[in-house]
Amino acid sequence: MCGIIARIGHGNAAETLLSGLENLEYRGYDSAGIAVQNGSGVKVHKCSGEVSELKSALPTEPHGNMGIGHTRWSTHGPPTDENAHPHTDTAGDVAVVHNGVIDNYDELRADLQAKGHVFESDTDTEVIPHLIDEFREETGDTELAVRRAVDTLEGSYAIAAIVDGEEAVYAARKGSPLVLGIDEEEWFLASDVPAFLDHTDEVIYLEDGDLVVLEPDSCRITDLAGTPLERPVDTVDWDPEDAGKGGYDHYMLKEINNQPTSLANTIEGRVEDGEVAFDGLPAGSFDEVESVQFVACGTSYHASLYGGQLLRSAGVRTEVIRASEYGYASGPVDESTLTVAVTQSGETADTLDALRKAADRGARTLAVTNVVGSTAAREADDAVYIRAGPEVGVAATKTYSSQAVTLALLTQRIAGDAPDATPAADRAAMLEALGDLPAHVETVLETSGAAALARETLDSRSFFFIGNGLGRSVALEGALKFKEITYEHAEGFAAGELKHGPLALVTEETPLFAVYTSGDDEKTKTNAIEARSRGAPIVAVGPDDHPLVDIADAHLSVPDTHPVWAGLLANVQLQLLSYHAAKLLERPIDKPRNLAKSVTVE
């Protein structure tokens, strides 16, 4: 869950490394550092804190045409100067940055210390430069030393290393993302494309077991045995401006306001003549599917609940499983099972583990992701892209809405093929209303009263969110967003579960946000009224035609639309509520404490 960047070419590397780290800071911001090779040694500059603090601490911009950088989200050891990357060997000749977890680092560290190596940090990463140094002493060959070092490691890693006196960057990956950027005069390596998107859109997505040697004018990719490998070059269709703030105070606010565009991209070409169409999934693609599993984490799990509700309604046996619990919670799996892995980055460790377990048990697999070339997209039998564009804010916003729409369409596509399944009776109306969704989101953004409501409720002790059916997914996601970026206590519940325990916590200091998707949602109304009788202020979140609006203390309104899409409009209101509350509380909205964008370790 760290961000790494490497650059080699002509001209100075430091500015590129620092800007790359700023673009990767959503992956970790406990500490940051760079190492530059300038012909007179490897110069390391690092400190705890954000990239801006690293830049301020630099006396002058380090000089050198190659270097590596890192922004850290702590796993082993607290966020201190000593634990910041890059890490070096005892002599300081080898510098390494690393994303992942080395499972056998205790054993390796003890062996290396017995041989005289001196360690300065609490991290698992520090064993890597010491291993490279040890094997260089034995072999006299740095590339061979790197091969032997990574072959010794157990766990997950994406690594970039530089060595004193050598004009080369060495890199390898296993279980953590690493992408190669190609430009006419320089090469890049990074955990994610936004790190170098200002420089090039030509990329190679590296695979597990790949080892890369970059020199100023060449690039070699081999396996760990040294056998040359060919990897395809892809073109990223993201605009570099999409990864910037675009004049907004925060990435999160920009991405909330970007949803009309991102949803239009998600929808484009997927509804034709009243039918749902996905590239690579022609009619009959799901003829053999008898049951479906959705596996996901966090926000992607909530989007999966949205899709799962719709698929069950179509008569398909469906499970929605938290990916971290897949080994314990999954029902029977065989060749008639479709396992859908939902992951924005395509690199979420728990989701990838669930995907692999399902495949091992014989299931057909499908990835729903935002990133072309990601591990999930490569490893699954099929892939569907949500096409939301880059999302930098740690708290997911536009990717939730694009995931939910993609899954809603996918459910109708599956129901059209699967035995005994029945597409929604009002599918034509649902698909027709989908075309209005981007404009309806724009209306919510222009008319929302969430900012004023955030101010009115700011002094509350707790915030409860309830919903029924599709509204439950939105209630859970609304609570997650609120707690992520405000640090206030928030919980989401199925509406009918409120009286089975949570009602004990309801007071006049517990505003309850009741999410509904249609006027006939009696369960949400009934439970909201019960909470109101205990003193809780009630906020209705949904279309104007619900009877709860008349008795609620406040109303976050959404345009009248098909019930399947009304929940996504309600979600935009709750995103805005969370954002404005966090801003009033002066929270670091784009970089909430203890959280990282892409959770690439289990």
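Definitions and cut-offs
Residues numbered from 1 in each chain as written. Predicted model: local features only at pLDDT ≥ 70, side-chain atom pairs only at ≥ 80, totals over all residues. Heavy atoms only, no water. 1 Å grid on protein atoms, 1.4 Å probe; cavity = no way out; pocket = protein on both sides within 12 Å on 5 of 7 lines; lining within 4 Å. Points joined across faces, edges and corners; volume = space filled by probe spheres on them. Helix = DSSP H or I, 4+ residues; strand = E, 2+ residues; numbered from the N terminus. Salt bridge = Lys/Arg side-chain N within 4 Å of Asp/Glu carboxyl O. Buried < 20%, exposed > 50% of the residue type's maximum accessible area, 1.4 Å probe, protein only. Axes fitted to C-alpha atoms, helices over the stretch in contact; angles between N-to-C directions. Parallel < 35°, antiparallel > 145°, perpendicular 65-115°, else oblique. Contact = heavy atoms within 4.5 Å. Nonpolar A, V, L, I, M, F, W, Y, C, P; charged D, E, K, R; others polar. Polar contact = N/O pair within 3.5 Å; in protein donor to acceptor, adjacent residues only side chain to side chain. Phe/Tyr/Trp six-rings, centres within 6.5 Å; stacked < 30°, edge-to-face > 60°. Lys NZ or Arg CZ within 6 Å of the ring centre and 35° of its normal. Arc of directions from axis to C-beta. Pairing = 2+ DSSP bridges.

Turning to the layout of surface pockets, a few remarks are in order. Of the volumes computed, that of the second largest pocket is approximately 650 Å³. With 3 residues, the single largest contributor to the lining of the second largest pocket is strand 21 (residues 382-385).

For the structure shown, the criterion picks out 25 salt bridges. Between Arg 7 and Glu 186 there is a salt bridge, and its shortest N-O distance comes to 2.8 Å. Highlighted residues: Arg 7 in strand 1 (residues 3-9) and Glu 186 in strand 10 (residues 186-190), separated in sequence by 179 residues. Here Arg 7 and Glu 186 have matching classes, each one buried. Arg 427 is the partner of Glu 275 in a salt bridge, and the nearest nitrogen-oxygen pair spans 3.2 Å. Of the two residues, Glu 275 sits in strand 16 (residues 275-276) while Arg 427 sits in helix 13 (residues 427-434), which places them 152 residues apart along the sequence. Given a relative accessible area of 16%, Arg 427 falls into the buried group.

Okay, the packing of helix 12 (residues 398-415) against helix 19 (residues 563-584) next. Between helix 12 and helix 19, whose axes approach to 10 Å, the crossing angle comes to 175 degrees. The angle between helix 12 and helix 19 falls in the class roughly antiparallel. Across the interface between the two elements, Tyr 400, Ser 401, Ala 404, Val 405 and Ala 408 from helix 12 touch Trp 565, Leu 568 and Asn 571 from helix 19. Looking at the contact of helix 12 with helix 19, its residues break down into 6 nonpolar, 2 polar and no charged.

It is worth spelling out the side chain of Asn 23 at this point. Secondary-structure assignment places Asn 23 in helix 1 (residues 14-24). Filtering out sequence-adjacent residues up to four positions away, Asn 23 remains in contact with Pro 194, Ala 195 and Asp 198.

Another aspect to go through is helix 5 (residues 142-152). Within helix 5 the residues assigned to the buried category are Thr 142, Glu 143, Ala 145, Val 146, Arg 147, Ala 149 and Val 150. Next to the buried residues of helix 5 lie helix 4 (127-139), strand 7 (155-163), strand 8 (169-174), strand 12 (211-215) and strand 13 (218-222). Put simply, Asp 141 is the residue that caps the front of helix 5, since its side-chain oxygen is 3.0 Å from the backbone nitrogen of Glu 143.

Bringing the packing of aromatic side chains into the picture now. What the rule picks out here adds up to 5 aromatic pairs. Consider the rings of Phe 465 and Phe 482, whose centres lie 6.1 Å apart with planes at 50 degrees: the pair is tilted. One end of the pair, Phe 465, is in strand 22 (residues 463-467); the other, Phe 482, is in helix 16 (residues 470-486), with 17 residues separating them in the sequence. The burial state of Phe 465 is the same as that of Phe 482; both residues are buried. Taken together, Phe 463, Phe 465, Phe 482 and Phe 513 form an aromatic cluster joined through their ring pairs. Geometry around Tyr 487 places Arg 593 over its ring, the cationic atom sitting 3.9 Å from the centre.

Burial in helix 7 (residues 259-267) covers these residues: Gln 259, Pro 260, Ser 262, Leu 263, Thr 266 and Ile 267. All buried residues of helix 7 project into a common sector of 165 degrees when viewed along the axis, lining one side. Where helix 7 is buried, its residues meet helix 6 (251-257), strand 15 (271-272), helix 12, helix 13, helix 14 (437-447) and helix 19. Just beyond helix 7, the residue with positive phi is Gly 269, at close to 75 degrees.

Turning our eyes to something else, we now look at empty space enclosed by the protein. Scanning the model with the defined rule gives 5 cavities of 30 Å³ or more in all. Here the largest cavity defines a volume of roughly 140 Å³. Lining the largest cavity are 17 residues, with Pro 177, Ser 191, Asp 192, Glu 347 and Val 371 sitting closest to its centre.

Our next topic: the pairing of strand 8. Here strand 8 lies mainly inside the structure; 5 of its 6 residues are buried. Sheet topology places strand 7 next to strand 8; 5 bridges connect them, and they run antiparallel. Bridge pairing in strand 8 links Ala 160 to Ala 171. Following strand 7, the chain reverses through 5 residues before pairing antiparallel with strand 8; Gly 165 in that reversal takes a positive phi of roughly 85 degrees. As paired elements, strand 8 and strand 12 share 4 bridges and run antiparallel to each other. Within strand 12, the residue paired with Tyr 170 across the bridge is Val 213.

This paragraph deals with the environment of Gly 67. Positionally, Gly 67 belongs in strand 4 (residues 66-72). Separated by 16 residues in the primary sequence, Gly 67 and Val 51 place their C-alpha atoms 16 Å from one another. In this structure, Gly 67 is in contact with Ile 5, Ala 6, Arg 7, Ala 13, Leu 17, Ala 35, Val 36 and Ile 162, ignoring residues within four places of it in sequence.

Successive residues of a regular strand alternate their side chains across the two faces of the sheet. Direction of pairing for strand 9 (residues 179-182) relative to strand 10: antiparallel, over a ladder of 4 bridges. When the bridges of strand 10 are listed, Ile 182 appears paired with Trp 187. Of the pairings in the sheet, the one linking strand 9 to strand 11 (residues 202-205) comprises 3 bridges and is antiparallel in character. In the strand pairing of strand 11, Val 179 is matched with Tyr 205.

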